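This is what each chain is made of:
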Amino acid sequence: MRLDRNELSKAVRMALSLGAVAAVGAVGTAQAQDQATDQGQTNQPQTLQTIVVTGSNIRRVDLETANPVVTIDRTQITNSGKVTLGDLVQDLPAVTGSPQNTRVNNGGGTGGTFASLRGLGTGRTLVLVDGRRVTNNDLNIIPAELVERVEVLNDGGSVVYGSDAIGGVINFILRKDYQGAEFSVNYGISDRDDAERRGVSFIFGQTSDKGSILAGVDYNKFDPVGAGSRDFSKDALYLYYGNIYAFGSSRNPYARAILATTDVNGNDVFAPGQAGVGDGSCSSATLKSNPGDGQVGTAGDGSSLADYKCYTGADSYNYQTLNYDLTPQERTNAFFKGDYQLSDNIQAYMDVFHNKTTSAYAIAPLPFDALSDGVTISQYSMYNPFGVDFGPPQNNAGAVSTKTGDFVQNSYEFLTRFTGVGQRSTNYTTTTDQGVFGVKGGFGQSSWTWDANYNYGHISQLAKGTGDLVYNQQFRNAVGPSMLDPVTGQPICVSTPGDATTVISGCTPINMFGNQNDPAIAATEAPYAATFFNSFVNVFRSYNASVTGNLFSLPAGDAQLAVGADYRTLYSHSVVSYLSVIDANPNSPTFGQCQGPQSACSASLQGGYNVKEAYAELFIPILKDVPFVQSLNVTLGDRYSKYSLAGSTNNTKIAVEWRPIDDLLLRGTIQDVFRAPTIGQLFTSPTGNAPQFSDPCIGLDAATLAAHANACQNVAPNATFQSLQNGLSQTTGVVSGSVAAGYPLKPEFGKSFDFGFVYDPHFVPGLSVNADLWRIYLNDTITTVGAQTAANVCFANNSSPLCALIHRRANGQVQFISQPTVNLGRLDTRGVDLGVHYRVPQVGWLPGQVTLGLEATYLAEFTNNTVPGDPNSQVSHVAGHFYTDYGSYPRWRGQLNAGWKLGAWDASWRVRYIGHEVVGSCAPAENQSADGAFEAYCFRVPDIIYNDIQVGYNIEPINTQISIGVDNAFDKQPPIFTQTNVLNGDTDVNTYDTIGRFYWARATVKF
């Protein structure tokens, strides 16, 4: 007995049906849909017989058109075991270039997963739901249970959909006319007993002759994976001189001082055994001639020179153990989809979505750099044994030390890490709401239909950061002059060195030179621990009207026209804590700094723009059923767009479909592609970051430095990696949109070409083969300038405007590099997509139904030219490589899907292939060394193959489907890239799996 036939099922369905009928205004129960009137049936054939395929606004009966579309169907979604669709879409071969996902910790943590078709970036991939724009491109906010299929257009779609559709379009097609109810629970856990996943969902649908509804809720939670729990990521690995070392950050909790080697009279500053320098020459024999760079030992409190020894790599701090390989996430979704037949020719519809995501990232305790953080540690601090001010100079004349003699003030650096304060983390709460409200219908019995809708979207995000300190005046007093109170013997802060009468009330001196793990030191720093709040709101509004139908008849068929108009407004408003407000005055001594650490600095910003568009698409059947032409169709398209902040543009396309025989479709599309600046590219607030960086000015002689004066300002001849980067493979950056940087953005323009075929041989039933050659080029590309790119471009062209983005100190070290969004050069990419799909005929020796599917992409070229036509332009040939500012671009990516079904049983096997790639470049002209010490160094990482297996069984008597699966069944570990090249986990976490073998199970009961 089936569950949906027993009395319990009847009761459940009756209760649900009554609520649904009331909601849609139907006059009967579910069975009433079978009793539709003749009039209702005559109004529906056009809708039932034609569909709109992603990539066109024309309604067609053909599934195979000029548009190269890859489909992820409902079976694949179910068999994947995914509760969100981000990972499933990112695994497609056409997605490359390291888009963000939930494995990204440092630089991520928002819980979002995005797609980058053709590796062109997430901003050039348009995301739709039922053909309409979504306000949030995060693929994880769309519940898997709600989606019938995913259509991925691997071709530019700017003419059809407008801006952003350069790399392609991802269209989530929702389930329609769903009848009944469905409850599902799922659970997953890794082979190492972490990454635990729990989720539940409930959906309900009801359909009648008057309308339909689909509603539900979805909840899922993912526990984090600590980087210390995986062998590949537990140590911070660095690549120097061709060797990999398990080092870490030179910002350790024991203090490190970097000073000049001589006083104003040319005399050595320190006696042997007391300190060393940071240029790699520190040894017991050279301490006297090279004093300055030391580390507090395990004994002593750092207030004596005897507490210091030479710094070595063994003293570095392993920050990796506190990072995430998978960030924690928790999501709640609610959705409603409904339509109602107002009359025979008019239907009202409404789609409403709500998502709330909480997520977080966690990184090591706050590092401190006196210079970068703009904090001066006084030479008169009672804990300072060196007799010099550390950090920004207090005056140009220098300061007189009472401990070691006269010094030339030279911006002495001091490094430590506030481990006693605790780990840094930021918790995000992101709420996304979107509603589409519209009416559509037809014009009597004609083929013409119309649609008018209003689309509203709202995103709000609150970020709460902990573990940082605020460097306010009270903190600066605490690291300023101090002494023991002559009466009480307690440490006090004073405004005049040595004068207890100038005590600063309420101030306790901080021992920056002691072991930061000491609870007593942490207690003096605790009052300066601050919570930084940032928030932003994005609002999207769209008004759209369109009509489509047969324009006139031709011998080969009906010519069809689709026209429409669209008006959109976008608004963004970000607000930051007053402690985070960055000093934007370039003439200020604190330019680029705020009251907190550099990584917390930002600014409030708001703004918006609008766009008006009109578009048309004409389908013309040229020939049909003549020799060598079973059919020949041409589609013409045009879109005019006017942006309030970026001017106007007109773009066209032509697509051709030719069937010389029934089995073969030849297709080609040539179209303009364009992208106007997005709301984020315009109005993103300036935000601090720590990008990977290798200074191109390391080790150069005086003549070479003079030839690259703007890129290498103030750099001394033969400067070492230690002296310029303090042993770090990172630098300080400030990322911002174009408005904050004062840079006027303009749209990017280019063309997209796609030529291919689809072959369905009649003599091999069930087989389909397709291949498409594609090429895209873009001019005036809109991009956020990477720190490495800015340095490389300026180094290659001493007069480049990007040189102004580099800010160096008097000693040649990079203070920070501005990373605004700009128009930068030309991008060319091309490749081949391949697909094979086969429904294996059922034969006696092969029980059950077997289906096979293969998708593969070969990347032939991905070239970025910053200044086309300039012989000094920086040209990056990225295909087949991983570059720090670009990500992973292997030549080959592929996916094989095999499915099997026999009675109540089903199974699937998915193989994901990521081809080998070269990290960095061995060509000096590329300026993309993978080694922190060599000018041009590269290494190869191998092919990676992942296997995902699923088995399911349908318990028909209780109408319940049970599925179990294993992702990454053979526990394939990711390749090592080292922290010299990446920010997270010693590997490219955007591309490779960091969890390992993962088991999951799901049970679904249908009513």
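Residues numbered from 1 in each chain as written. Predicted model: local features only at pLDDT ≥ 70, side-chain atom pairs only at ≥ 80, totals over all residues. Heavy atoms only, no water.

Thoughts on the overall build of the protein
Here's step 1: Secondary structure assignment for the protein yields 13 helices and 52 strands.
Here's step 2: Here the protein holds 1007 residues, and 57% of them are scored as buried.
Here's step 3: A sequence separation of at least 24 residues applies to 70% of the contacts in the protein between residues at least 6 apart.
Here's step 4: For the protein, the exposed surface amounts to about 39,000 Å²; the carbon and sulfur share of it is 58%. (Helix = DSSP H or I, 4+ residues; strand = E, 2+ residues; numbered from the N terminus. Buried < 20%, exposed > 50% of the residue type's maximum accessible area, 1.4 Å probe, protein only. Contact = heavy atoms within 4.5 Å. Areas by Shrake-Rupley, 256 points an atom, 1.4 Å probe, with all protein chains shown as cover.)

Quick word on the packing of aromatic side chains
Here's step 1: Throughout the structure, instances matching the rule amount to 24 aromatic pairs.
Here's step 2: Between tyrosine 238 and tyrosine 240, the aromatic rings sit 6.0 Å apart at their centres with planes inclined by 15°, giving stacked as the arrangement.
Here's step 3: The class of tyrosine 240 is buried, set by a relative accessible area of 10%.
Here's step 4: An angle of 40° between the planes, with centres 6.4 Å apart, marks the rings of phenylalanine 386 and phenylalanine 513 as tilted. Of the two residues, phenylalanine 386 is situated in the loop between strand E20 (367-369) and strand E21 (400-401) and phenylalanine 513 in the loop between strand E27 (491-493) and helix H8 (519-525); the sequence distance between them amounts to 127 residues. Across the pair, exposure class does not vary: phenylalanine 386 and phenylalanine 513 are buried alike. (Phe/Tyr/Trp six-rings, centres within 6.5 Å; stacked < 30°, edge-to-face > 60°.)

Comments concerning the sheet that holds strand E5 (residues 132-133)
Here's step 1: Read from one edge to the other, the open sheet built from five strands follows the order E3-E6-E7-E4-E5, with strand pairing classed as mixed. The open sheet has two edge strands, strand E3 (69-72) and E5, and neither has a second partner.
Here's step 2: Looking at chain direction, E3 and strand E6 (residues 147-153) are connected through four bridges and run antiparallel. Opposite isoleucine 72, over in E6, you have valine 150 as the bridge partner. (Pairing = 2+ DSSP bridges.)

Examining the pattern of salt bridges
Here's step 1: Enumeration according to the criterion identifies 33 salt bridges in this entry.
Here's step 2: Between arginine 198 and glutamate 196 there is a salt bridge; the shortest N-O distance is 4.0 Å.
Here's step 3: Overall, arginine 198 belongs to the partly exposed group, its relative accessible area being 25%.
Here's step 4: Salt bridges sharing partners connect three or more residues here, namely Asp130, Arg132, Lys176, Lys337 and Asp351. (Salt bridge = Lys/Arg side-chain N within 4 Å of Asp/Glu carboxyl O.)

Some words on the environment of glycine 121
Here's step 1: Within the fold, glycine 121 resides in the loop between helix H5 (86-90) and strand E4 (125-129).
Here's step 2: Along the primary structure glycine 121 and threonine 783 are separated by 662 residues, whereas in three dimensions their C-alpha atoms are 9.2 Å apart.
Here's step 3: Excluding residues that lie within four positions of it along the chain, glycine 121 makes contacts with Ala115 and Ser116.

Observations regarding the sheet that holds strand E44 (residues 881-883)
Here's step 1: If you walk across this open sheet you meet the four strands as E45-E44-E48-E49, and the pairing is mixed. Strands with a single pairing partner mark the edges of an open sheet, and in this sheet they are strand E45 (887-889) and strand E49 (937-941). On average, adjacent strands in this sheet sit at an angle of 25° to one another, irrespective of strand direction.
Here's step 2: Pairing geometry for strand E48 (residues 917-921) and E49, over five bridges, is antiparallel. When the sheet's bridge partners are listed, valine 919 is paired in E49 with phenylalanine 939. (Axes fitted to C-alpha atoms, helices over the stretch in contact; angles between N-to-C directions.)

Section: the nonpolar core
Here's step 1: Core analysis: the biggest nonpolar cluster contains 32 residues, and Phe368, Phe390, Phe414, Phe475, Met512 and Phe513 have the highest contact counts within it.
Here's step 2: Those elements that provide at least two residues to this core are helix H7 (473-478) and strand E28 (529-554).
Here's step 3: Non-local contacts of phenylalanine 414, meaning those with residues more than four positions away in its chain, are made with Ala255, Arg256, Ala257, Phe368, Asp369, Ala370, Ile377, Phe390, Met512 and Phe513.
Here's step 4: Core analysis: the second largest hydrophobic core is formed by 29 residues, Leu85, Ala94, Val134 and Phe172 among them. (Core = buried A, V, L, I, M, F, W, Y, C linked by side-chain atoms within 4.5 Å.)

Description of the side chain of threonine 1004
Here's step 1: Residue placement: threonine 1004 occurs in strand E52 (residues 998-1006).
Here's step 2: We classify threonine 1004 as buried; its relative accessible area is 10%.
Here's step 3: Within polar-contact distance, the side chain of threonine 1004 engages the side chain of serine 184 at 3.2 Å.
Here's step 4: In this view, threonine 1004 contacts Glu182, Phe183, Ser184, Asn959, Thr960 and Gln961; residues no more than four positions away in its chain are not counted. (Polar contact = N/O pair within 3.5 Å; in protein donor to acceptor, adjacent residues only side chain to side chain.)

Side note on the pairing of strand E13 (residues 243-247)
Here's step 1: Where strand E12 (residues 236-240) and E13 come together, five bridges link them in antiparallel fashion. Residue tyrosine 238 lies in a different strand from E13, and its bridge partner there is tyrosine 245.
Here's step 2: Linkage of E12 to E13, two consecutive antiparallel strands, is achieved through a turn of two residues, within which tyrosine 241 is found at a positive phi near 55°.

Remarks on the side chain of asparagine 171
Here's step 1: Position of asparagine 171 relative to the elements: it lies in strand E7 (residues 168-174).
Here's step 2: Within the structure, the side chain of asparagine 171 is placed 3.0 Å from the backbone nitrogen of glycine 131, a separation counted as a polar contact.

Some points on the state of the cysteines
Here's step 1: Evaluation of the coordinates by the stated rule reveals five disulfides.
Here's step 2: In this model, cysteine 594 is linked to cysteine 601 through a disulfide, with the two sulfur atoms separated by 2.2 Å. With the S-S dihedral at roughly -85°, the linkage between cysteine 594 and cysteine 601 falls on the left-handed side. Each member of the pair, cysteine 594 as well as cysteine 601, is classed as buried.
Here's step 3: Each disulfide pairs two cysteine sulfurs, and for cysteine 697 the partner residue is cysteine 712, the sulfurs being separated by 1.9 Å. Given an S-S torsion of about -85°, the disulfide between cysteine 697 and cysteine 712 has left-handed geometry. Of the two residues, cysteine 697 is situated in the loop between strand E34 (687-689) and helix H10 (702-707) and cysteine 712 in the loop between H10 and helix H11 (721-725); the sequence distance between them amounts to 15 residues. (Disulfide = S-S within 2.5 Å.)

Looking at the environment of glutamate 956
Here's step 1: Take glutamate 956: it is sitting in the loop between strand E50 (944-955) and strand E51 (960-967).
Here's step 2: Separated by 52 residues in sequence, glutamate 956 and alanine 904 place their C-alpha atoms 7.6 Å apart.

Some details on helix H13 (residues 787-796)
Here's step 1: Most of H13 is tucked away: nine of the ten residues are buried.
Here's step 2: Buried residues in H13 make contact with strand E39 (806-808) and strand E40 (814-823).

With respect to the pairing of E48
Within a regular beta strand, the side chains point alternately toward one face of the sheet and then the other, so they alternate between its two faces.
Here's step 1: Counting buried residues in E48 gives four out of five residues, a clear majority hidden from the surface.
Here's step 2: As judged from the two bridges shared by E44 and E48, these two strands associate in the parallel manner. By the bridge assignment, phenylalanine 882 is partnered in E48 with valine 919.

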